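Chain and residue survey
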Amino acid sequence: MSPQESRAPDPRTARTKARLRESLLAECAVRPLAEVGVSAVVRRAGVGRATFYLHYEDLTALAVDACADVVHAAVDALHAWQTGPAAVPPARPPAALAGFLADAAERAPLYRTLLLPGGGGPLGERLHRELRARARAERTAVGAPHPDLVASAVAAAFTGVLADWLHGTVPADPAGLADLLWPLLLALHRAV
């Protein structure tokens with residue numbers, strides 16, 4: 001391990017990045033990401049432009065970082081029912097799934113710029129990667145067959161449906177979508 005890897009994260013860096021994320025989300029609350037500029041973000045965050053570029057390549061990189069919580073929330077919502085590695089999934093979706101979808105709907109304009117129809121885009125790639133890793137690890141831990149195949153299918157289905165729903169091509173309210181999506185994901189788990 002190099003000296004840089006063994007060092008604890010710098011709290012100043014963490015605070016600066018947090019201010020930049022908050023600033024971007026505040027800007028995106030009043031206008032689309034495409035209309036937000038680095039100048040507005042750094043001004044609101046109270047940092048210099050050079051500081052921004054020290055931490056982020058561009059606004060898209062900042063936006064994906066700012067939306068990382070949605071990825072973690074999605075992964076947690078899909079697995080909220082688990083109390084142990086051998087727990088049996090319930091027939092009804094966990095309440096956390098509908099709650100996650102309701103929260104996602106509130107920030108839909110921002111998420112739509114990062115999560116393209118079908119599940120592509122920088123946020124879609126991150127969501128797919130993290131969902132796949134969690135599903136694969138869980139299947140492997142309990143000895144379920146075909147962990148790679150099922151993990152890929154579950155991650156792709158969830159990411160694609162979420163993206164299409166946010167883009168308005170899957171009509172449903174958050175609770176209704178959770179009710180429709182849950183049996184689909186369970187079927188993918190049970191398919192092989």
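Up top you'll find the structure we're talking about.
Residues numbered from 1 in each chain as written. Predicted model: local features only at pLDDT ≥ 70, side-chain atom pairs only at ≥ 80, totals over all residues. Heavy atoms only, no water.

Comments concerning the packing of aromatic side chains
Evaluation of the coordinates by the stated rule reveals three aromatic pairs. With a centroid separation of 6.2 Å and 40 degrees between ring planes, the pair formed by Phe100 and Phe158 is classed as tilted. Linking Phe100 in helix H7 (residues 95-106) with Phe158 in helix H10 (residues 147-166), this pair joins segments that are 58 residues apart in sequence. Like Phe158, Phe100 is buried. Through successive ring pairs, a cluster of aromatic residues spans Phe52, Tyr53 and Tyr56. (Phe/Tyr/Trp six-rings, centres within 6.5 Å; stacked < 30°, edge-to-face > 60°. Helix = DSSP H or I, 4+ residues; strand = E, 2+ residues; numbered from the N terminus. Buried < 20%, exposed > 50% of the residue type's maximum accessible area, 1.4 Å probe, protein only.)

A short note on the packing of helix H6 (residues 68-78) against helix H9 (residues 121-142)
Two elements in contact, H6 and H9, have axes whose closest approach is 10 Å; the angle formed by their N-to-C orientations is 35 degrees. Helix-helix and strand crossings are classified by hand; for H6 and H9 the assignment is right-handed. Where H6 abuts H9, its residues Ala68, Val70, Val71, His72, Ala74, Val75, Asp76 and Leu78 lie against Leu123, Arg126, Leu127, Glu130, Leu131 and Arg134. Looking at the contact of H6 with H9 residue by residue, the class counts come to nine nonpolar, one polar and four charged. (Axes fitted to C-alpha atoms, helices over the stretch in contact; angles between N-to-C directions. Left-handed = near helix turned anticlockwise from the far one by under 90°. Contact = heavy atoms within 4.5 Å. Nonpolar A, V, L, I, M, F, W, Y, C, P; charged D, E, K, R; others polar.)

Some points on unusual backbone geometry
Here the phi dihedral of His146 falls at roughly 50 degrees; this positive angle occurs in a residue that is not glycine. With respect to the helices and strands, His146 occurs in the loop between H9 and H10. Residue His146 is classed as partly exposed on the basis of its relative accessible area of 48%.

Some words on the state of the cysteines
Taken as a whole and judged by the stated rule, the model has zero disulfides. The cysteine Cys28 is free of any disulfide, with Cys67 supplying the nearest cysteine sulfur at 7.6 Å. For Cys67, a relative accessible area of 1% corresponds to the buried category. (Disulfide = S-S within 2.5 Å.)

With respect to empty space enclosed by the protein
Across all of its chains, the model carries one cavity of 30 Å³ or more by this definition. For the largest cavity, the calculated volume is near 50 Å³. Residue lining of the largest cavity: Val70, Val71, Tyr111, Leu115, Leu123, Leu127, Leu162 and Leu166, and that is the complete set. Secondary-structure elements contributing two or more residues to the lining of the largest cavity are H6, H9 and H10. Among the residues forming the lining of the largest cavity, the class breakdown is eight nonpolar, no polar and no charged. (1 Å grid on protein atoms, 1.4 Å probe; cavity = no way out; pocket = protein on both sides within 12 Å on 5 of 7 lines; lining within 4 Å. Points joined across faces, edges and corners; volume = space filled by probe spheres on them.)

Describing the packing of H7 against helix H11 (residues 174-190)
Where H7 meets H11, the closest approach of the two axes is 8 Å, and the angle between their N-to-C directions is 130 degrees. By the criterion of interaxial angle, the relationship of H7 to H11 is oblique. Crossing geometry of H7 relative to H11 is assigned as right-handed. On the side of H7, the interface is formed by Leu97, Ala98, Leu101 and Ala102, while H11 contributes Pro174, Ala175, Leu177, Ala178 and Trp182. (Parallel < 35°, antiparallel > 145°, perpendicular 65-115°, else oblique.)

Brief notes about H10
With 20 residues, H10 should reach 28 Å at 1.5 Å per residue; the first-to-last C-alpha distance of 28 Å fits that figure. The buried fraction of H10 is high, at 14 of 20 residues. (Expected span 1.5 Å × (residues − 1).)

Description of the nonpolar core
Counting 55 residues, the largest nonpolar core has Leu20, Leu24, Phe100, Phe158 and Leu162 as its most contacted members. With 10 residues, the single largest contributor to this core is H10. (Core = buried A, V, L, I, M, F, W, Y, C linked by side-chain atoms within 4.5 Å.)

Quick look at the pattern of salt bridges
Here the structure, examined in full by the defined rule, presents 10 salt bridges. With a closest N to O distance of 3.4 Å, Arg134 and Asp76 form a salt bridge. Taken together, the positions of Arg134 in helix H9 and Asp76 in helix H6 put the pair 58 residues apart, joining distant regions of the chain. What makes Arg134 partly exposed here is its relative accessible area of 28%. For Asp76, a relative accessible area of 45% gives the class partly exposed. (Salt bridge = Lys/Arg side-chain N within 4 Å of Asp/Glu carboxyl O.)

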